[in-house]
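The residues making up each chain are set out below.
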Amino acid sequence: MKVVLFCGGYGTRMRTGTPGDAPKPMQLVGPRPLIWHVMRYYAHFGHTEFILCLGYGAHHIKDFFLNYQETTSNDFVLRGGRIELLSTDISDWSISFVQTGIASPIGERLRRVRDHLDGEEMFLANYADVLTDAPLPEIVDRFTRSGAGASMMVVPPSDTFHCIELGERGTVGGITPVSEMPLWVNGGYFVLRQEIFEHIPEGGDLVADGCGELAKRGRLLAYPHRGYWRPTDTVKERMALDEAYSRGDRPWALWEHERAPVPVRGPVTVPEREAAAAGYGSAAAVGQAPGYGSAAVSGGGHAAVTVT
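Calculation notes
- Residues numbered from 1 in each chain as written.
- Predicted model: local features only at pLDDT ≥ 70, side-chain atom pairs only at ≥ 80, totals over all residues.
- Heavy atoms only, no water.
- Helix = DSSP H or I, 4+ residues; strand = E, 2+ residues; numbered from the N terminus.
- Contact = heavy atoms within 4.5 Å.
- pLDDT = per-residue confidence, 0-100.
- Buried < 20%, exposed > 50% of the residue type's maximum accessible area, 1.4 Å probe, protein only.
- Pairing = 2+ DSSP bridges.

1. Re the side chain of serine 151
Consideration 1: Examined against the element boundaries, serine 151 turns out to sit in strand β10 (residues 150–155).
Consideration 2: Ignoring anything within four residues of it in the chain, the contact list for serine 151 reads Ile139, Phe143, Tyr189, Phe190, Val191, Leu220 and Leu221.

2. Side note on the confidence of the model for the chain
Consideration 1: Predicted confidence across the chain gives a mean pLDDT of 84, with 80% of residues reaching 70 or more.
Consideration 2: Every residue in residues 272–305 scores below 50 in pLDDT, and together they form 78 contacts with partners more than four places removed in sequence or on other chains.

3. Regarding the pairing of β10
Consideration 1: Of all six residues in β10, six are buried; the element is thus mostly enclosed.
Consideration 2: In β10, alternate side chains face the same way, and those of Ala150, Met152 and Val154 on one face and Ser151, Met153 and Val155 on the other are all buried.
Consideration 3: With five bridges connecting them, β10 and strand β13 (residues 185–193) associate as antiparallel partners. Along β13, the bridge assignment pairs alanine 150 with leucine 192.
Consideration 4: Sheet analysis places β10 next to strand β14 (residues 220–224), joined by five bridges and oriented parallel. Looking at β14, one finds that methionine 153 is bridged to tyrosine 223.

4. Focus: the environment of glutamate 198
Consideration 1: Tracing the backbone through its elements, the reader meets glutamate 198 in the loop between β13 and α5 (206–216).
Consideration 2: Relative accessible area serves as the criterion here: at 61%, glutamate 198 is assigned to the exposed category.
Consideration 3: Between the C-alpha atom of glutamate 198 and that of leucine 214, which follows or precedes it by 16 residues, the distance is 9.8 Å.

Spelled out as C-alpha cells, the structure:
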C-alpha cells in the first residue's frame, strides 16, 4: 500500500528560532532524521511507495533524499579507491514529494495528494514524527476484515502527570497515573479507505473532521497498542530518543531486530560526492548508487518527484 506522510507543519515546540530551522521530521535520531526511521518501519513490512506532504522547510527534506548517503547506514567495501555497497536502504523505494501548503491543516494536505492515491482502495498515513513497534500487518489485516472506513492506532497517554479523584470537602479519594487510566489517545498511525475524503471539507482536519464523522457513523476502527510508542513533540522527547539510539535501545527499529538487508545486484559503487562526504578522499566513481540518479519530475499542479 502507499504511505502518506504529513511532514509540512511548523513543529513550533521543536524549533529553536534560528532562521532555516529544519522541520520536525528532519530532526536527527542517531545519524538519520525522524522521517527516515518512520519510512524504514513501513519499508520493513513491504510498503515502499511514499507520498510526502510537504510544507514548511520542504527543501530540507528534498535535499536529504536527493543527496542521500547510503554509506551512513549500510556496510560497504572500499576497494581500489571505490566504495562497493553491500546493502542499500532506499533503492526499492518510490518517493513523491508534493507541496501541500505552508499552513495547511493535515486534512487539507491529504486532500491535496488525493490524485496520487487514485486506484488505491486502502492506504496508510502517518504524522512522520512518532516511532513505534506496533505490528503493522496485524493492524492492516484487522482493518481489512472490519470493512471500516478508517483505522486509528490508539495508545495510553504518555504524559507523566497524575489524575486526582476528589471526594467531598476536597478530600482526595485516590491518585492514579494518567497512563493507567482507561483513556486512549491518537497514536498517529492510520489505515484509510477512499471514503475518508467524503468527510474532509476544504481546509478541514483529518481527525476532527474525517475521523470524527466516521466515528459518528460507526465507521471508525481503533487498534489499541500498549507496546513501544514514542512521540517527538518537544526537543526533550527528541533528545531522549537520540540518547536511546546511542545506547542501542531501539525498539522501533524492527529492521535491525530481524535484519535482512536489501542486497545489491553485484558490486555497486557510489558517486565521488558520497565518497568525499564519507571521508574517503577522492574515491573513484563508477556508475551511480541506488538513491541517486536523475529525479523524474511528474504531476500537474504539484511538483511530484520520484527518486528511483
